[in-house]
Each structure stands twice: as structure tokens, then as C-alpha cells.
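Observations on the three-dimensional arrangement
The lines below spell out each chain.
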Amino acid sequence: GLELSHCVGTNSLGPAGPWRSGAPCKMKRVRTVFKPEQLERLEQEFLKQQYMVGTERVDLAATLHLTETQVKVWFQNRRIKWRKQSMEQKAAKLSQFGVIQPASADSTDSKEHEEDTVDVEL
């Protein structure tokens, strides 16, 4: 779940730096580990639609015994993975035909709805 672990970096070893000057301890979120059944259902829903919002997300979260935030973040991460796989497939096809595409520096900064764009041949 979204449990928080105990204070991070509060061991007694090492010098006391300015970051330990009586400030409240920094909490670190524990990584969510999804059950196989949850992942299977999430993947099924992703195949239907890549964006899940509103009551659909609330209902899915309740069905899977997850929080709405966990479902939202899973979909965000899954879209990133999906876009990366699409880019790799596209690059593989281009290289298959001998077309080499220069590496783009901003390829990781993909726009939210980039997959909705349509290339028109003139």
C-alpha cells in the first residue's frame, strides 16, 4: 500500500549535517507491489483505454482494493511504457528499411496526447 517507512537518514553514523538541525524526519513512501490478479485487470483495462478518469478510476480502485492514486499512477507509468515500446517498434521498422533516424534529445519529454497526432502525407 501507500505506507510510509520510518525516518530516512536518521542513523547515528556519520557527521550531523545541516539537514539534521532538528527538522522533522523525511518520510519515504514504500513502493506498491501489485498482486498478479490486480496487474492482469489493470492491463485488461489499459487495452480498452489508455486514460482512466473519474468514476471509472474510482470503481476500478475499489474493485482491486487499491487507492485511486495507485490506479492513476499505474496508468501514467503504463502509458510511458506503451509510448516507449511504440517508439522502439517504429525505430526498428525504420532501421529495417535502412532509414536511420537521429536520436532526439527531447524524446523523453513526450507530450501527454502525442499518440493522438496524425501524420498527413502531402
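I will try to describe carefully the structure that is included in this document. Because the structure is a prediction, the values reported are computed rather than measured. (Residues numbered from 1 in each chain as written. Predicted model: local features only at pLDDT ≥ 70, side-chain atom pairs only at ≥ 80, totals over all residues. Heavy atoms only, no water.)

**A word on the packing of aromatic side chains**
Going through the model one piece at a time under the given rule, you end up with 4 aromatic pairs. Between Phe46 and Trp74, the ring centres sit 6.3 Å apart and the planes meet at 85°, which makes this aromatic pair edge-to-face. Remark: Trp74 occurs in helix H3 (residues 68-96) and Phe46 occurs in helix H1 (residues 36-48); sequence separation between them is 28 residues. The interplanar angle of 50° and the centroid separation of 6.1 Å between the aromatic rings of Phe46 and Phe75 together place this pair among those described as tilted. With Phe46 in helix H1 and Phe75 in helix H3, this residue pair connects regions lying 29 residues apart in the sequence. Linked through ring pairs, Phe46, Trp74, Phe75 and Trp82 together constitute an aromatic cluster. (Phe/Tyr/Trp six-rings, centres within 6.5 Å; stacked < 30°, edge-to-face > 60°. Helix = DSSP H or I, 4+ residues; strand = E, 2+ residues; numbered from the N terminus.)

**Focus on H3**
Its 29 residues give H3 an end-to-end C-alpha distance of 42 Å, which sits within 8% of 42 Å, the value for a rise of 1.5 Å per residue. Considered for burial, the residues of H3 that qualify are Gln70, Val71, Trp74, Phe75, Arg78, Arg79 and Arg83. The secondary structure elements touched by the buried residues of H3 are H1 and helix H2 (54-63). Residue Gly98 follows H3 closely and has a positive phi angle near 80°. (Expected span 1.5 Å × (residues − 1). Buried < 20%, exposed > 50% of the residue type's maximum accessible area, 1.4 Å probe, protein only. Contact = heavy atoms within 4.5 Å.)

**A few points about the side chain of Arg57**
Within the secondary structure layout, Arg57 lies in helix H2. Exposure remark for Arg57: the relative accessible area of 16% places this residue in the buried category. Ignoring sequence-local partners within four residues, the contact set of Arg57 consists of Met52, Glu68, Val71 and Lys72.

**What about the pattern of salt bridges?**
Any two side chains of opposite charge can pair, so long as their charged atoms come close to each other. Under the counting rule described, the total for this entry stands at 4 salt bridges. Residues Arg78 and Glu43 are paired through a salt bridge, measuring 3.0 Å at the closest nitrogen-oxygen approach. Of this pair, Arg78 sits in helix H3 while Glu43 sits in helix H1; the two residues are 35 residues apart in sequence, bridging distant segments of the chain. Classification of Glu43 as partly exposed rests on a relative accessible area of 28%. (Salt bridge = Lys/Arg side-chain N within 4 Å of Asp/Glu carboxyl O.)

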